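# Architecture at a glance
Next come the chains, spelled out residue by residue.
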Amino acid sequence: MSKTDLKVTFSGPMRYYRDTVYEFNLPAGHTCPQAHECLMKADRETGKMTNGPSQRFRCYAAAAERFPAVRDARWLNLEAIKKAKDMVGLINPAIPKKATRIRIHGSGDFFKQSYFDAWIEIARLNPDKLFWAFTKSVQFWVKRLDAIPPNLMIQASRGGKKDHLIEEHALKSATVFRTLDEAVRSGLPIDVDDKYACSNQGSFALVDNFGPD
């Protein structure tokens, strides 16, 4: 891939949302520097899964990479981003015009500050679209707390290596519970369709996609 033909692709529209939602995805685990309790990686060539040493939850995004087409699309996105001199200029034109909402990273995470900053600028350039993201790379967010545009919703995904920053900076967060009963007992509202993830209604609970062992 030459620098003149760099391109990225969005996945969608995603069938499980009512409106026109697209996702921008990167390889799970490989782009998640702060993942801890959910760390899983699929080998780029074979799709074989490797679990992190402290894994407690299966990563649904990594599990999807057992399919070669899914792996290829995510890795091509990552390769283009790493080679691009202008990440905003690379990603922004690729946003589907009919998208009303965009989930940043149904798979993957912010893996460096300049990449996080690029999404801030992309959201600013598209005030008619709502962007949202879950992240364990909380340190990048903390450095830009005063720079987040109103159409970019971010939540810290608990279970990472930087969880201490969540309390220190009173960040909105999402906590995954193994069962519905555990989520209910937490007293947190339970998000089943990204309603809370796409709003400023505070921290919330999620129920593990794979449930208890």
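Notes on the structure in this doc start here. (Residues numbered from 1 in each chain as written. Predicted model: local features only at pLDDT ≥ 70, side-chain atom pairs only at ≥ 80, totals over all residues. Heavy atoms only, no water.)

### Topic: helix α2 (residues 68–83)
- The end-to-end C-alpha separation of α2 is 22 Å, in line with the 22 Å expected for 16 residues at 1.5 Å each.
- Among the residues of α2, those classed as buried are Arg71, Arg74, Trp75, Asn77, Leu78, Ala80 and Ile81. (Helix = DSSP H or I, 4+ residues; strand = E, 2+ residues; numbered from the N terminus. Expected span 1.5 Å × (residues − 1). Buried < 20%, exposed > 50% of the residue type's maximum accessible area, 1.4 Å probe, protein only.)

### Some thoughts on the sheet that holds strand β5 (residues 130–135)
- A sheet is described by the order of its strands in space; here 6 strands give the open sequence β1-β4-β5-β6-β7-β8, paired in parallel fashion. Each edge of the open sheet is held by one strand with a lone partner, namely β1 (21–24) and β8 (204–207). Strand-to-strand twist across the sheet, computed as the mean angle between neighbouring axes with direction ignored, equals 25°.
- Note: strand β4 (residues 101–104) against β5, 4 bridges, orientation parallel. (Pairing = 2+ DSSP bridges. Axes fitted to C-alpha atoms, helices over the stretch in contact; angles between N-to-C directions.)

### Quick look at the pattern of salt bridges
- According to the stated counting rule, one finds 8 salt bridges in the structure shown.
- When the shortest N-O distance is used, the salt bridge between Asp117 and Arg144 registers 2.9 Å. Note that Asp117 is positioned in helix α4 (residues 113–125) and Arg144 in the loop between α5 (138–142) and β6 (152–157), a separation of 27 residues in sequence.
- Look at Asp117 and you get partly exposed, because its relative accessible area is 23%.
- We classify Arg144 as partly exposed; its relative accessible area is 27%.
- Here Glu121 ties to Arg124 by a salt bridge, and the two come within 3.5 Å at their closest N and O atoms. On the criterion of helical spacing, the pair formed by Glu121 and Arg124 is a turn pair, its members being 3 residues apart in helix α4.
- Its relative accessible area of 44% is what places Arg124 among the partly exposed residues. (Salt bridge = Lys/Arg side-chain N within 4 Å of Asp/Glu carboxyl O.)

### Focus: the environment of Gly108
- For Gly108, the position within the fold is in the loop between β4 and α4.
- C-alpha of Gly108 to C-alpha of His30: the two residues are 78 residues apart in sequence and 7.4 Å apart in space.

### Concerning the side chain of Glu23
- With respect to the helices and strands, the residue Glu23 is situated in strand β1.
- Here Glu23 is buried and forms no salt bridge, its nearest opposite-charge partner Arg103 lying at an N-O distance of 4.6 Å.
- A polar side-chain atom of Glu23 sits 3.0 Å from a polar atom in the side chain of Tyr16.
- A polar side-chain atom of Glu23 sits 3.3 Å from a polar atom in the side chain of Asn25. (Lys, Arg positive; Asp, Glu negative; His and termini not counted. Polar contact = N/O pair within 3.5 Å; in protein donor to acceptor, adjacent residues only side chain to side chain.)

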